[in-house]
Amino acid sequence: MTTNPVPRILNTLRSEQATSPALVWYGPDSERVELSGRVLDNWAAKTSNYLAEELDAEPGSTVELDLPAHWKTLVWALGAWQAGCQLALSADSGAPVRATADHPEPRSSGEIVAAVALPALAMSWPGALPAGTSDYAAEVRSFADTWAGPEYGDEPGAALAGGPGAEATPFTALPGLEDREAAGAVTLLAPAEAGLARILGTALAVWSAGGTLVLTGAGVEATERMLAAEKVTARLGA
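Report follows, based on the coordinates. (Residues numbered from 1 in each chain as written. Predicted model: local features only at pLDDT ≥ 70, side-chain atom pairs only at ≥ 80, totals over all residues. Heavy atoms only, no water.)

**Digging into the overall build of the protein chain**
In step 1: Tallying secondary structure elements over the protein chain gives seven helices and 10 strands in all.
In step 2: For the protein chain, the spread of C-alpha atoms along the three principal axes comes to 50 × 40 × 35 Å.
In step 3: In the protein chain, which comprises 238 residues, the proportion classed as buried is 52%.
In step 4: Between the averaged position of the 14 positive side-chain charges in the protein chain and that of its 29 negative side-chain charges there is a distance of 9 Å. (Helix = DSSP H or I, 4+ residues; strand = E, 2+ residues; numbered from the N terminus. Buried < 20%, exposed > 50% of the residue type's maximum accessible area, 1.4 Å probe, protein only. Lys, Arg positive; Asp, Glu negative; His and termini not counted. Charge placed at Lys NZ, Arg CZ, Asp CG, Glu CD.)

Next up, the structure:
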């Protein structure tokens with residue numbers, strides 16, 4: 001596996017899994033979103049271009065995901081990694097770029113903030129935004145659905161940035177990545193309660209194997225009807 005496996009995974013999604021489901025999201029209020037491999041790749045590409053062109057993110061930059069476990073959070077992770085950035089999952093990481101669903105006010109004069117409206121049909125942030133904060137839902141669709149930058153196969157050097165007193169986490173050490181890497185294609189259920197870091201690693205492993213990730217939001221029950229409808233073959237414990 002290269003240091004950054006995301007370019008290879010996205011190539012597989014767009015070519016070998018283009019029309020089959022790669023990510024299925026079950027959210028509150030019976031929301032269900034299904035993304036094929038090609039659609040997931042397009043969202044990741046738009047987000048990569050948005051990061052580079054709108055938010056001035058550069059290879060090696062850290063992007064804080066102030067977001068819950070959600071399909072858009074996985075899109076942001078793929079987009080950031082494709083653009084050569086690493087992620088921070090902890091609050092107040094000091095990252096120069098932050099994507100948030102709750103706190104769109106910049107925490108420092110130099111912080112670049114993207115406000116992310118989570119509902120699938122949201123075309124903009126609900127309400128006014130502070131000056132300088134970017135509206136992801138309103139702007140991302142205007143960016144190209146193919147990544148315009150180079151392939152960062154050896155960047156970022158780590159998947160997750162290290163916090164104070166903690167080392168960075170390489171892709172090979174993401175929780176959950178080793179569990180499914182060689183298990184073959186599966187349809188795996190991942191509840192939000194499993195934790196975002198573990199979900200990210202598991203998602204990369206599932207997509208590496210040509211499988212489907214079924215992600216449920218916090219508090220969303222995985223019913224027997226859901227498991228049968230999505231043909232779930234494995235479950236990630238919370």
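Next, the rest of the story.
**Observations concerning the sheet that holds strand S7 (residues 134-135)**
In step 1: What the five strands build is an open sheet, ordered S4-S3-S5-S6-S7; its pairing is parallel. Of all the strands in the sheet, the pair left with one neighbour each is strand S4 (86-88) and S7.
In step 2: Of the strand pairs in this sheet, strand S3 (residues 62-66) and S4 are connected by three bridges, and their pairing is parallel. The residue bridging Glu64 from the neighbouring strand is Ala88, located in S4.
In step 3: Sitting on the sheet, helix H3 (residues 71-82) is in contact with S3, S4, strand S5 (97-100) and strand S6 (112-115), with an inclination near 180 degrees to S3. (Pairing = 2+ DSSP bridges. Contact = heavy atoms within 4.5 Å. Axes fitted to C-alpha atoms, helices over the stretch in contact; angles between N-to-C directions.)

**Description of the packing of helix H2 (residues 37-53) against H3**
In a packed pair of helices, the relevant descriptors are the angle between the two axes and the axis-to-axis distance.
In step 1: Packing of H2 against H3 leaves a shortest axis separation of 8 Å and a crossing angle of 60 degrees. The orientation of H2 with respect to H3, classified from their angle, is oblique. For the pair H2 and H3, the crossing hand works out as right-handed. Of the residues in H3, those touching H2 at Leu40, Trp43, Ala44, Ala45, Thr47, Ser48, Tyr50 and Leu51 are Trp71, Val75, Trp76, Leu78, Gly79, Ala80 and Gln82.
In step 2: For the contact of H2 with H3, the class distribution of residues is 11 nonpolar, four polar and no charged. (Parallel < 35°, antiparallel > 145°, perpendicular 65-115°, else oblique. Left-handed = near helix turned anticlockwise from the far one by under 90°. Nonpolar A, V, L, I, M, F, W, Y, C, P; charged D, E, K, R; others polar.)

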